[in-house]
Amino acid sequence: MLQRIQTIYLLCAAVISAGLIFVFHLWVSNDGTVVFAKDNLVYIGLFIGSALLSLISLFMFKNRMAQFMLGRLNIILNFILLGFFVYQSLNVSGETAVSEKGIGMLLPIVSIVFLALANKAIKKDEDLVKSVDRLR
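Remember, predicted model here, so these are calculated numbers, not experimental data.

(A) Structural detail: the nonpolar core. Ranked by internal contacts, the top residues of the largest apolar core, which has 17 residues, are W27, Y43, F47 and F85. Of all elements in the fold, only α2 (41-58) and α3 (64-89) reach the threshold of two or more residues within this core. Counting residues per element, this core draws most heavily on α2, which supplies five residues.

(B) Broad picture of the pattern of salt bridges. Under the defined criterion, the tally for this structure stands at three salt bridges. Taking the shortest distance from any N to any O, the salt bridge between D125 and R4 comes out at 2.9 Å. Taken together, the residues D125 in helix α4 (residues 107-135) and R4 in the segment before α1 (5-18) connect sequence positions 121 residues apart. Take D125: its relative accessible area is 13%, and that puts it in the buried class. According to the relative accessible area criterion, R4 is partly exposed, its value standing at 30%. The salt bridge partner of E126 is R64, with a shortest N-O separation of 2.8 Å. Taken as a pair, E126 in helix α4 and R64 in helix α3 lie far apart in primary sequence, 62 residues in all.

(C) Region of interest: the packing of α2 against α3. Two numbers describe how α2 lies on α3: the axes approach to 9 Å, and their chain directions differ by 165°. With respect to α3, the axis of α2 lies roughly antiparallel. Relative to α3, the crossing made by α2 is left-handed. Within the contact between the two elements, α2 uses V42, Y43, L46, F47, G49, S50, L53, S54, I56, S57 and L58 and α3 uses Q67, L70, L73, N74, L77, N78, I80, L81, F84, F85 and Q88. Partitioning the contact of α2 with α3 into residue classes produces 14 nonpolar, eight polar and no charged.

(D) Quick peek at the packing of aromatic side chains. Throughout the structure, instances matching the rule amount to five aromatic pairs. When the ring of Y9 is compared with that of F114, the centres are 6.3 Å apart and the planes differ by 40°; the resulting orientation is tilted. With Y9 in helix α1 and F114 in helix α4, the pair connects residues that are 105 residues apart, well separated along the chain. Since its relative accessible area comes to 23%, F114 is described here as partly exposed. In this structure an aromatic cluster arises from ring pairing among W27, Y43, F47, F84 and F85. The ring of F36 carries the charged tip of K38 above its face, separated from the ring centre by 5.7 Å.

Conventions adopted
Residues numbered from 1 in each chain as written. Predicted model: local features only at pLDDT ≥ 70, side-chain atom pairs only at ≥ 80, totals over all residues. Heavy atoms only, no water. Core = buried A, V, L, I, M, F, W, Y, C linked by side-chain atoms within 4.5 Å. Buried < 20%, exposed > 50% of the residue type's maximum accessible area, 1.4 Å probe, protein only. Helix = DSSP H or I, 4+ residues; strand = E, 2+ residues; numbered from the N terminus. Salt bridge = Lys/Arg side-chain N within 4 Å of Asp/Glu carboxyl O. Axes fitted to C-alpha atoms, helices over the stretch in contact; angles between N-to-C directions. Parallel < 35°, antiparallel > 145°, perpendicular 65-115°, else oblique. Left-handed = near helix turned anticlockwise from the far one by under 90°. Contact = heavy atoms within 4.5 Å. Nonpolar A, V, L, I, M, F, W, Y, C, P; charged D, E, K, R; others polar. Phe/Tyr/Trp six-rings, centres within 6.5 Å; stacked < 30°, edge-to-face > 60°. Lys NZ or Arg CZ within 6 Å of the ring centre and 35° of its normal.

Structure follows, in structure tokens:
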């Protein structure tokens, strides 16, 4: 059912992953160049993949366990994206490529929070259906 709270959480995660990456920059390099996610193919691919997983999970409301597993997969994808950002910001050579971090590096964390809330609501629905089935 689309009127559940996990729909709102999944939609927020999709908007964060697909929409806000064009608004907030990831970092500003030493020469003053503002770097967005669209400038790197890996970053834009991971962000769009996360948004697509959120939207696919959103419309799989009839199969709650598959929806739950897609949410977990999406959380793992966001942790991989966060790992890329941490590696980029803590460059081995003493931060020669990144001079100022942007708020766009925190977008995967916000997305992970919404996905965890959605998974919690999906699990709660699944437990409710199992308890009703047990009473029959």
